[in-house]
Amino acid sequence: MNFTFQISGMTCEGCSHKVKFLLESSPKIREVGVDLTTGLVKIKSEILIEERDIAELLIEHPKYKPTTPSIFKNNEGHNSSFLKDYFPLILIFLFLISLAIWTSNLKTELFMNYFMGGFFLTFSFFKLLDIKGFQKSFSNYDIIAKRIKLYGFIYPFIELTLGWLFIINYDLFINNTTTIIILGIGTVGVVKSVLNKETINCACLGTVFNLPMSKVTIIENSIMLIMASFSLIYKTL
């Protein structure tokens, strides 16, 4: 399992090496990665690691204080349920489906355009509410955002643009092809995180809602990929 903590008090490379050494001294912890710039510490362990465990390992060095950022909080061990965790996502999908049905008069192509347009507009809105927080969260699993910081900042604007292009029925070949590319790349990172059992949160709704990264995220992306692919095929028939 993978865990992420924020540790304050690290001011130099020596501090980061010290924290890494102290944490790796625990037999519970298999691997430690320290990012001095952000103060984030990523830990791999076969068992649950909590904030108090980190505090105990650093107790003789009070300048280093661990916390668990809300966007990385692990849902294991907490009183939660599928409906509670994913209620915002379910509600948004139900709203978008009902709106697409109403505006499309059940015409297949229009339904998909309005649904995907509404999807991108809604999701970009939540990302833009805290674009810096989104970028940090997104870069923890997206394969491009991990390497190119700027991508995390422009991604919400890509979604915003795609949303309007779908709504106004712009060139559907361009819209759907772009959707397949960006969501396809994003899904690779999501699948990798889920398979590695990383305890990070999905950034699909920005930092407003703490949705856990799980198979549901893969299903969400897959639905959009299938719709975009079907729309391309449907257009050529």
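It should be emphasised that the depicted structure is a prediction, and the values quoted were computed from it without experimental measurement.

What is the right way to look at the pairing of strand 3 (residues 40-45) in this model?
Walk down a regular strand and you will see the side chains alternate between the two sheet faces. When strand 1 (residues 2-8) meets strand 3, the two strands line up antiparallel, connected through five bridges. Within strand 3, the position partnered with Gln6 by the bridge is Leu40. Here strand 2 (residues 29-35) runs beside strand 3; their pairing, made up of six bridges, is antiparallel. Looking at strand 3, one finds that Glu31 is bridged to Lys44.

Just checking my understanding: could you explain the sheet that holds strand 3 for this structure?
Two strands in a sheet stick together by hydrogen bonds in their backbones, pointing the same way (parallel) or opposite ways (antiparallel). Read from one edge of the open sheet, four strands run 2-3-1-4, paired in antiparallel fashion. The strands lining the two open edges of the sheet, one partner per strand, are strand 2 and strand 4 (65-67). In this sheet, neighbouring strand axes are inclined to one another by 30° on average, regardless of whether the strands run parallel or antiparallel. Helix-sheet contacts for helix 1 (residues 13-24) involve strand 1, strand 2 and strand 3, and the interaxial angle to strand 2 is about 165°.

Mind showing me how you'd approach the confidence of the model for the protein here?
Close inspection of predicted coordinates is inappropriate for parts of the model with low pLDDT. Per-residue confidence for the protein averages 83 on the pLDDT scale, and 85% of its residues sit at or above 70. Looking at the elements of the protein, mean pLDDT is at its lowest for strand 6 (residues 211-212), recorded as 67, and at its highest for helix 6 (residues 149-167), recorded as 94. Across residues 74-80, confidence stays below pLDDT 50; counting only partners more than four residues off in sequence or on other chains, it has 10 contacts.

Even after reading the chapter, I still don't get the pattern of salt bridges, so can you show me in this structure?
It is possible for side chains bearing opposite charge to pair when their charged atoms get close. Applying the stated criterion across every chain yields a total of four salt bridges. Note that Asp53 is salt-bridged to Lys28, the shortest N-O span being 3.9 Å. Taken as a pair, Asp53 in helix 2 (residues 51-57) and Lys28 in the loop between helix 1 and strand 2 lie far apart in primary sequence, 25 residues in all. Among the ionic pairs, Lys127 bridges to Glu159, the shortest N-O distance being 3.0 Å. Placement of the pair is Lys127 in helix 4 (residues 108-129) and Glu159 in helix 6, with a sequence separation of 32 residues. The exposure class of Glu159 is buried, given its relative accessible area of 3%.

Could you clarify how one ought to interpret a nonpolar patch on the surface in this entry?
Taken together, the side chains of Trp164, Ile168, Tyr170, Phe173 and Ile174 define a hydrophobic patch exposed on the protein surface, amounting to about 570 Å² of accessible area. By the element assignment, Trp164 lies in helix 6.

Could you clarify how one ought to interpret helix 1 in this entry?
Given 3.6 residues per helical turn, the α-helix brings residues three or four places apart onto the same face. The end-to-end C-alpha distance of helix 1, which contains 12 residues, comes to 16 Å, matching closely the 16 Å that a straight helix rising 1.5 Å per residue would cover. If you check which residues of helix 1 are buried, you get Cys15, Ser16, Val19, Leu22 and Leu23. Take helix 1 and look down its axis: the buried residues cluster within an arc of 130°, on one side only. In helix 1, those exposed residues whose orientation departs by more than 90 degrees from the buried face are His17 and Phe21. Looking at the buried residues of helix 1, the elements they touch are strand 1, strand 2, strand 3 and helix 2.

Just checking my understanding: could you explain the packing of helix 5 (residues 131-138) against helix 6 for this structure?
Any two packed helices are characterised by the angle at which their axes cross and by the distance between the axes. The N-to-C vectors of helix 5 and helix 6 enclose an angle of 120°; their axes lie 9 Å apart at closest approach. Classed by the angle they form, the pair helix 5 and helix 6 counts as oblique. Handedness of the helix 5/helix 6 crossing: right-handed. Judged by residue contacts, Ile131, Lys132, Phe134, Gln135 and Phe138 of helix 5 engage Lys149, Tyr151, Gly152, Phe153, Tyr155, Pro156 and Phe157 from helix 6. Of the residues contributing to the contact of helix 5 with helix 6, the split by class is eight nonpolar, two polar and two charged.

What counts, and where the lines are drawn
Residues numbered from 1 in each chain as written. Predicted model: local features only at pLDDT ≥ 70, side-chain atom pairs only at ≥ 80, totals over all residues. Heavy atoms only, no water. Pairing = 2+ DSSP bridges. Helix = DSSP H or I, 4+ residues; strand = E, 2+ residues; numbered from the N terminus. Axes fitted to C-alpha atoms, helices over the stretch in contact; angles between N-to-C directions. Contact = heavy atoms within 4.5 Å. pLDDT = per-residue confidence, 0-100. Salt bridge = Lys/Arg side-chain N within 4 Å of Asp/Glu carboxyl O. Buried < 20%, exposed > 50% of the residue type's maximum accessible area, 1.4 Å probe, protein only. Patch = residues over 30% accessible without salt bridge, like charges linked within 9 Å, V, L, I, M, F, W, Y side chains within 5 Å. Areas by Shrake-Rupley, 256 points an atom, 1.4 Å probe, with all protein chains shown as cover. Expected span 1.5 Å × (residues − 1). Arc of directions from axis to C-beta. Parallel < 35°, antiparallel > 145°, perpendicular 65-115°, else oblique. Left-handed = near helix turned anticlockwise from the far one by under 90°. Nonpolar A, V, L, I, M, F, W, Y, C, P; charged D, E, K, R; others polar.

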